[in-house]
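Survey of secondary and tertiary structure
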Amino acid sequence: EPEVTQTPSHQVTQMGQEVILRCVPISNHLYFYWYRQILGQKVEFLVSFYNNEISEKSEIFDDQFSVERPDGSNFTLKIRSTKLEDSAMYFCARRTGSDMSGYTFGSGTRLTVV
Amino acid sequence: GENVEQHPSTLSVQEGDSAVIKCTYSDSASNYFPWYKQELGKRPQLIIDIRSNVGEKKDQRIAVTLNKTAKHFSLHITETQPEDSAVYFCAASTNQGGKLIFGQGTELSVKP
């Protein structure tokens, strides 16, 4: 299975700024996910995206967050107005089968909000 | 709500010993239980998984057991090696939507 690559690997942003995290390249996959992991803590589910629509989202995924698959391959997570507590590792994930096969995490983006 | 509890939070063993990590889940609809190994600054990597129609699964030095009645599952690593040192996460999913609910993680340290 090809690797799931995320860009950038590390982003530093000022509080209140918008950031876009990207998951590339994705092809022929229907199921996508975003997770975050605050330093030293567990991995937390943010949102699932199926057939180009949000299928489920967690309480963390509030109005500041949005996801898109703008060009059929990239899968993006946007945070409109970052807060200090948004600092974390963000992982995208994809699965290839309805039976959870091929469930793979991306390389991750470390977001630091200052 | 959905929850996965994982114990212990840290585990230190001597090389060659066995390590056991335990998880319990709350959602009885959960039917898929993967285990991930995460090295510092890296992505979680799937090491083994088990589905609810199976009670035990083994892959070389790694095994996972599932008790659906008690809603708990465990990871067993035998003949531990220093390179097994990492943080291990259990997770549970109902499969339908595919979201994973993770445990809090266990930091395993294998001393040579």
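Bear in mind the structure is a predicted one, so any value in this text is a computation, not a measurement.

1. Observations regarding the interface of chain A and chain B
The interface of chain A with chain B comprises 22 residues on the first partner and 20 residues on the second. The contact between chain A and chain B buries some 1,700 Å² in all, and 52% of this surface belongs to carbon and sulfur atoms. By the criterion of area lost to chain B, the three top residues of chain A are K42, M100 and F105 of chain A, representing 34% of everything that side buries. Where chain A touches chain B, the interface holds one salt bridge. K99 of chain B is the partner of E56 of chain A in a salt bridge, and the nearest nitrogen-oxygen pair spans 2.6 Å. Secondary-structure elements contributing two or more residues to the side of chain A that touches chain B are β4 (31–37), β5 (43–50) and β9 (88–95) of chain A.

2. Here we look at the packing of aromatic side chains
All told, the structure shown has 20 aromatic pairs over all chains when counted by the stated rule. Taking 6.3 Å as the distance between ring centres and 90° as the angle between the ring planes, the aromatic pair formed by F91 of chain A and F105 of chain A counts as edge-to-face. Residue F91 of chain A is found in strand β9, and its partner F105 of chain A is found in strand β10 (residues 104–105); the two are separated by 14 residues along the sequence. By relative accessible area, F91 of chain A is classed as buried at 0%. On the basis of relative accessible area, F105 of chain A is assigned to the buried category, the value being 1%. Aromatic pair Y103 of chain A and F105 of chain A: ring centres 6.1 Å apart, planes at 40°, arrangement tilted. Pairwise contacts between aromatic rings join Y33, Y35, F45, F91, Y103 and F105 of chain A together with Y36, F89 and F102 of chain B into one cluster. In this structure, R95 of chain A packs its charged tip against the face of Y31 of chain A, placed 3.9 Å from the ring centre.

3. Let's talk about the nonpolar core
For soluble globular proteins, the rule of thumb is that nonpolar side chains tend to be buried together. All names here are of chain B. Counting residues in each nonpolar core, the largest one holds 25 residues, and the members touching the most others are W35, F73, L75, Y88 and L108. Counting residues per element, the ones that place at least two in this core are β2 (10–14), β3 (19–25), β4 (32–38), β5 (45–51), β7 (62–67), β8 (72–77), β9 (86–92) and β11 (106–111). Each residue touching Y88, except ones within four places of it in the same chain, is listed here: Q6, I21, Y36, K37, I47, L75, I77, G105, T106 and L108.

Cut-offs used in this document
- Residues numbered from 1 in each chain as written.
- Chains lettered and ligands numbered in written order.
- Predicted model: local features only at pLDDT ≥ 70, side-chain atom pairs only at ≥ 80, totals over all residues.
- Heavy atoms only, no water.
- Contact = heavy atoms within 4.5 Å.
- Buried area = accessible area lost by both parts, 1.4 Å probe.
- Salt bridge = Lys/Arg side-chain N within 4 Å of Asp/Glu carboxyl O.
- Helix = DSSP H or I, 4+ residues; strand = E, 2+ residues; numbered from the N terminus.
- Phe/Tyr/Trp six-rings, centres within 6.5 Å; stacked < 30°, edge-to-face > 60°.
- Buried < 20%, exposed > 50% of the residue type's maximum accessible area, 1.4 Å probe, protein only.
- Lys NZ or Arg CZ within 6 Å of the ring centre and 35° of its normal.
- Core = buried A, V, L, I, M, F, W, Y, C linked by side-chain atoms within 4.5 Å.

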